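# Structural characterization, general
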Amino acid sequence: MSIPDSETVILITRDGMGQAEPELQHKLISTYLKLLDEHNILPAAICFYTEGVKLAVAGSPVLDSLRSLEAKGVRLILCSTCLNFYHLADQVQAGIPGGMTDIIEAQRRAGKVITL
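The notes below deal with the structure included here.

Scanning all chains against the criterion turns up five salt bridges. K34 is the salt-bridge partner of E38, the closest N and O atoms lying 3.9 Å from each other. Of the two residues, E38 and K34 are both situated in helix α1 (residues 22–38); the distance of four residues between them amounts to about one turn of the helix. Since its relative accessible area comes to 48%, E38 is described here as partly exposed. D37 is the partner of K72 in a salt bridge, and the nearest nitrogen-oxygen pair spans 2.7 Å. Taken together, the residues K72 in the loop between α2 (63–71) and β3 (75–79) and D37 in helix α1 connect sequence positions 35 residues apart. Via salt bridges that share partners, E105, R108 and R109 belong to a single interconnected network.

Laid out in structure tokens, this is it:
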């Protein structure tokens, strides 16, 4: 079993990956997260904010990958302000709601931050 890389944090700020039609954005983020999981490329944390929080709630196409990454020790931090804004706080299926302080702390500790 791999250990998460304490140097890397990934920020997900969109309901998908890239700027394209929603179906393509979901396909890309699904592939990205699945490959991280399958190859045990484990960041210390993945932080979700703005529309990114939609990927960790009921109905998301990437829940299986997120749950698997979480089970391997990757911290999934969801912006609680964003969850509340989108009325999704009661639909969280992976990760834990946190504040901006939690996201800042994850970034501060990271040697490398990747924004998708």
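Here we take up the pairing of β3. Within β3, four of the five residues are buried, which leaves the element mostly enclosed by the surrounding structure. For strand β2 (residues 43–48) and β3, the ladder comprises four bridges, and the chain directions are parallel. Bridging across to β3, A45 finds its partner in R75. Viewed along the sheet, the connection from β2 through α2 into β3 turns out right-handed. Judged from the three bridges that link them, β3 and strand β4 (residues 96–98) form a sheet pairing that is parallel. The partner of C79 across the bridge, within β4, is G98. Once the chain exits β3 it traverses helix α3 (residues 80–85) before rejoining the sheet at β4, and the crossover so formed is right-handed.

Another point: α1. An α-helix turns once per 3.6 residues; consequently, residues spaced three or four apart project the same way. Counted at 1.5 Å a residue, the expected span for α1 with its 17 residues is 24 Å, and the 24 Å between its end C-alpha atoms agrees. For α1, every residue scored as buried is listed here: Q25, I29, L33, L36 and D37. The arc that holds the buried residues of α1, viewed along the axis, is 100 degrees, so those residues lie on one side. Looking at α1, the residues exposed on the side facing more than 90 degrees away from the buried face are E23 and K27. Buried residues belonging to α1 abut β1 (5–12), β2 and α2. N40 sits one or two residues past α1 and shows a positive phi near 50 degrees.

Calculation criteria
Residues numbered from 1 in each chain as written. Predicted model: local features only at pLDDT ≥ 70, side-chain atom pairs only at ≥ 80, totals over all residues. Heavy atoms only, no water. Salt bridge = Lys/Arg side-chain N within 4 Å of Asp/Glu carboxyl O. Helix = DSSP H or I, 4+ residues; strand = E, 2+ residues; numbered from the N terminus. Buried < 20%, exposed > 50% of the residue type's maximum accessible area, 1.4 Å probe, protein only. Pairing = 2+ DSSP bridges. Right-handed = clockwise from strand over helix to strand, strands pointing away. Expected span 1.5 Å × (residues − 1). Arc of directions from axis to C-beta. Contact = heavy atoms within 4.5 Å.

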